[in-house]
Amino acid sequence: MLCKMTWKDNKLLWELSGVISTEELHQIGLEHQGDPRWGDLRYSIADFKNVISIDLLEEELIVVQTIEKAKVILNSYLKIASIANSNETIKLADFYETDTSWKYGIFETSTEARS
């Protein structure tokens, strides 16, 4: 999997492509930990439109969700959007949405996600 992470002002864009694995998903989550911009971050967009497939078990996603819950303490005002256009990526985004206290939305295009 490839992941391009772009910070701009108080926004973070993740552009993912290829096959997503558990280890890579954990690594993505760790890449911004400790970054001083995290506290001021207001919007995060995860763009899954170029993802080919997802190699994750539900139990592994629960671990990722648990780690994300700890991040809410550091920034409770964050809004998250996922851009998903396949059944597999929509399912991943839906699963994530079920257990987050951040404002969260799933969109088909980047224009919708940014609005």
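Our subject is the structure that appears above.
Within each chain, residue numbers correspond to sequence positions counted from 1 in written order. Only residues with pLDDT of at least 70 get local features here, since the model is predicted, and only at 80 or more are side-chain atom pairs given and counted; chain-wide, interface and lining totals rely on the full set of residues. Neither water nor hydrogens contribute to the side-chain values; these are computed over all heavy atoms in the structure.

Points about the side chain of Asp-35
And then number 1: Summarising the element assignment, Asp-35 is placed in the loop between α1 (22-31) and β3 (43-55).
And then number 2: Think of it in three bands: residues with accessible area under 20% of the maximum for their type are buried, residues over 50% are exposed, and the middle band is partly exposed, with areas taken using a 1.4 Å probe on protein chains only. Owing to a relative accessible area of 18%, Asp-35 belongs among the buried residues under this scheme.
And then number 3: Here the side chain of Asp-35 touches Arg-37 through a polar contact of 2.7 Å, side chain to side chain. A run of H or I in DSSP counts as a helix once it spans at least four residues, and a run of E counts as a strand once it spans at least two, with each numbered from the N terminus. In protein, a polar contact requires one atom able to donate a hydrogen and another able to accept it; more generally it is a pair of N or O atoms within 3.5 Å, and residues adjacent in sequence count only if both atoms are side-chain atoms.

Overview of the pattern of salt bridges
And then number 1: Criterion for a salt bridge: a side-chain nitrogen of Lys or Arg within 4 Å of a carboxyl oxygen of Asp or Glu. As enumerated under the stated definition, the model contains two salt bridges in all.
And then number 2: Arg-37 is paired through a salt bridge with Asp-35; the nearest N and O atoms lie 2.7 Å apart.
And then number 3: Residues Asp-47 and Lys-49 are paired through a salt bridge, measuring 2.6 Å at the closest nitrogen-oxygen approach.

Digging into α1
And then number 1: Within α1, the full set of buried residues consists of Thr-22, Leu-25, Ile-28 and Gly-29. Burial along α1 is one-sided: seen end-on, the buried residues are contained in an arc of 120 degrees. Within this analysis, the arc is defined by the directions that extend from the helix axis to the C-beta atoms.

Regarding the sheet that holds strand β5 (residues 103-107)
And then number 1: Here five strands make up an open sheet; going across it, the order is β1-β2-β3-β4-β5 and the pairing mixed. Across the chains shown, the open sheet's two edge strands, defined by having one partner strand only, are β1 (2-8) and β5. Recorded for the sheet is a direction-independent mean angle of 15 degrees between the axes of neighbouring strands.
And then number 2: DSSP bridges decide pairing: two strands pair if at least two such bridges lie between them. Bridge analysis of β1 against strand β2 (residues 11-21) gives seven bridges, and the strand direction is antiparallel. Helix axes use the C-alpha atoms of the stretch in contact, all axes being lines fitted to C-alpha atoms, and the angles between their N-to-C directions lie in the range 0 to 180 degrees.

Here we look at the pairing of strand β4 (residues 79-83)
And then number 1: Counting buried residues along β4, four of its five residues qualify, which places the element largely inside the surrounding structure.
And then number 2: Sheet analysis places β4 next to β5, joined by five bridges and oriented parallel. Its bridge partner lying in β5, Ile-80 is registered against Tyr-104.

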